[in-house]
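Summary of the model geometry
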Amino acid sequence: HYESLIRMQDGDKLVSPGSFINIAERLGMITEIDHFILDTAIKKQAELLRQGYDITLAINLSGTAFDNDNLAPTIQSLIHQHGANPENLIFEITETAAVSDIIAAEKIMEDIQALGCQFALDDFGVGFSSFYYLRELPVEYVKIDGSFVKDLPKNTDNQVLVNALSEVAIGFNKLSVAEFVDSLETLRLLHEAKVNYAQGFFIGKPSATIPVEPPNFYSPEQTHV
């Protein structure tokens, strides 16, 4: 399971999305970026599938993507065009994104789920709207925001919050994913909190290529974690 990440090339440097996504939204370019990401990621998943690799790929969508009635038909067209497996596509909607019409977004998401795809609610816990989105939107996963996870072993307040967010996810019958996991100790605490999945530098760092063999995290005496 991998997440597709976008970077902008500036000479020899890579620019993170935090530096240009807001500008793209203000300039009305975010729809083009959404389509580029969809086309590139779905094509890559299809290529790996043909090579025999059953990879699940998470793809981020902007909140404004749900203002477009053509989102579901576009995704359906790209899946058929590239020969991707829709069951291995998870679309992430950020909790902080401005979804202007929650009812319309729900309908679009259900149309995309009818194709076989799934949804994840990103940035879970950042704002009070997290719980509203969780209740109203048909998501299968919630991604606990990395700000609660990155110093988890040293921050007892964050441990309380992560446990609470995990319990909320369990109560709503959602699978949970913790971001920013950077140590085995953090992974152990997440396991104790009944968080289902983890991502972060301890699991794997961003790369221009997808490694197809999972890394070996544990020595034999740690296999109980």
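First things first, this report covers the structure right here in the doc. Because the structure is a prediction, the values reported are computed rather than measured. (Residues numbered from 1 in each chain as written. Predicted model: local features only at pLDDT ≥ 70, side-chain atom pairs only at ≥ 80, totals over all residues. Heavy atoms only, no water.)

With respect to helix H2 (residues 30–50)
Because each turn of an α-helix spans 3.6 residues, side chains separated by three or four positions end up pointing in the same direction. In a regular helix each residue adds 1.5 Å, so 21 residues correspond to 30 Å; H2 covers 30 Å between its end C-alpha atoms and thus fits that length. Taken together, the buried positions of H2 are Ile 30, Ile 33, Asp 34, Ile 37, Leu 38, Ala 41, Ile 42, Gln 45, Ala 46 and Leu 48. Turning to H2, the residues buried within the fold contact helix H1 (21–26), strand E4 (57–61), helix H3 (71–82) and strand E5 (89–94). One or two residues past the end of H2 sits Gly 52, with phi positive at roughly 95°. (Helix = DSSP H or I, 4+ residues; strand = E, 2+ residues; numbered from the N terminus. Expected span 1.5 Å × (residues − 1). Buried < 20%, exposed > 50% of the residue type's maximum accessible area, 1.4 Å probe, protein only. Contact = heavy atoms within 4.5 Å.)

Focus: the pattern of salt bridges
Oppositely charged side chains can form a pair if their charged atoms are brought close together. Summed over all chains, the structure comprises six salt bridges. Close ionic contact of Arg 135 with Glu 136 constitutes a salt bridge, the shortest N to O distance being 2.8 Å. Using a relative accessible area of 26% as the deciding quantity, one classes Glu 136 as partly exposed. The partner of Glu 179 in a salt bridge is Lys 143, with the nearest N and O atoms 3.9 Å apart. Within this pair, whereas Glu 179 is found in the loop between strand E8 (175–178) and helix H7 (184–192), its partner Lys 143 is found in strand E7 (residues 141–144), the two being separated by 36 residues in sequence. You'll find Glu 179 and Lys 143 in the same group, each marked buried. The network of salt bridges with shared partners includes Glu 3, Glu 92, Lys 143 and Glu 179. (Salt bridge = Lys/Arg side-chain N within 4 Å of Asp/Glu carboxyl O.)

Interpretation in functional terms is not warranted from these geometric data alone.
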